[in-house]
Amino acid sequence: MGDLTIDASVMHSVASKAKNAAAEFGSERALSGADGGCFGSVGVASAFTTSARAQDAMVRSLGDDADTLSQFVRDAVSEMEQADAGLAARLR
């Protein structure tokens, strides 16, 4: 079986990038706030509004997922560092 190498700096970088992605999703302008009246048809405007709301929900979900990933990676790094420190202390 091979060795498992964990690079904490890479994990911190991943967590940071995921957090940045979450912030970008969070700053995305809501499409559902756009004026649907410009279509000239109630049916088309209604379809646009429905689609826009779904798009907004997907953007929020992606932002939540990115936040969750960022927190998971930060927690994993912390747990790994604590376990490593515990093992090092036992070897002394």
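Quick summary incoming for the structure in this document. (Residues numbered from 1 in each chain as written. Predicted model: local features only at pLDDT ≥ 70, side-chain atom pairs only at ≥ 80, totals over all residues. Heavy atoms only, no water.)

Remarks on the overall build of the chain
Then, in step 1: When its secondary structure is counted, the chain shows two helices and zero strands.
Then, in step 2: Taking 12 Å as the expected radius of gyration for a compact globule of 92 residues, we find that the chain reaches 22 Å, considerably beyond that expectation.
Then, in step 3: Considering only C-alpha atoms, the chain reaches an extent of 75 × 25 × 15 Å along its principal axes.
Then, in step 4: Residues counted as buried form 15% of the 92 residues belonging to the chain.
Then, in step 5: Excluding contacts between residues fewer than 6 apart, the proportion of contacts in the chain whose partners are at least 24 apart in sequence is 78%.
Then, in step 6: Total accessible area computed for the chain in this model is approximately 6900 Å², and 57% of it derives from carbon and sulfur atoms.
Then, in step 7: Between the averaged position of the 8 positive side-chain charges in the chain and that of its 13 negative side-chain charges there is a distance of 3 Å. (Helix = DSSP H or I, 4+ residues; strand = E, 2+ residues; numbered from the N terminus. Rg over C-alpha atoms; globule rule 2.2 N^0.38 Å. Buried < 20%, exposed > 50% of the residue type's maximum accessible area, 1.4 Å probe, protein only. Contact = heavy atoms within 4.5 Å. Areas by Shrake-Rupley, 256 points an atom, 1.4 Å probe, with all protein chains shown as cover. Lys, Arg positive; Asp, Glu negative; His and termini not counted. Charge placed at Lys NZ, Arg CZ, Asp CG, Glu CD.)

Section: the environment of valine 59
Then, in step 1: By the element assignment, valine 59 lies in helix α2 (residues 42-91).
Then, in step 2: Not counting residues within four places of it along the chain, the set of residues in contact with valine 59 comprises Phe25 and Glu28.

Quick look at the layout of surface pockets
Then, in step 1: Of the pockets and cavities examined, the largest pocket occupies roughly 240 Å³.
Then, in step 2: Lining the largest pocket we find 14 residues, and of these Phe25, Glu28, Arg29, Asp56 and Val59 sit closest to its centre.
Then, in step 3: Of all elements in the fold, only α1 (8-26) and α2 reach the threshold of two or more residues within the lining of the largest pocket.
Then, in step 4: Broken down by element, the residue count for the lining of the largest pocket peaks at seven residues, all from α2.
Then, in step 5: The residue inventory of the lining of the largest pocket, partitioned by class, reads five nonpolar, three polar and six charged. (1 Å grid on protein atoms, 1.4 Å probe; cavity = no way out; pocket = protein on both sides within 12 Å on 5 of 7 lines; lining within 4 Å. Points joined across faces, edges and corners; volume = space filled by probe spheres on them. Nonpolar A, V, L, I, M, F, W, Y, C, P; charged D, E, K, R; others polar.)

Some details on the side chain of aspartate 56
Then, in step 1: Mapping aspartate 56 onto the fold places it in helix α2.
Then, in step 2: Arginine 60 is the oppositely charged side chain nearest to the buried, salt-bridge-free aspartate 56, at an N-O distance of 5.1 Å.
Then, in step 3: A polar atom in the side chain of aspartate 56 sits 2.4 Å from the side chain of serine 32.
Then, in step 4: Dropping the residues within four chain positions of it, aspartate 56 is found in contact with Ala30, Leu31 and Ser32. (Salt bridge = Lys/Arg side-chain N within 4 Å of Asp/Glu carboxyl O. Polar contact = N/O pair within 3.5 Å; in protein donor to acceptor, adjacent residues only side chain to side chain.)

What about the side chain of serine 70?
Then, in step 1: Structurally, serine 70 is set in helix α2.
Then, in step 2: The exposure class of serine 70 is buried, given its relative accessible area of 1%.
Then, in step 3: Not counting residues within four places of it along the chain, the set of residues in contact with serine 70 comprises Ala15, Ala18 and Lys19.

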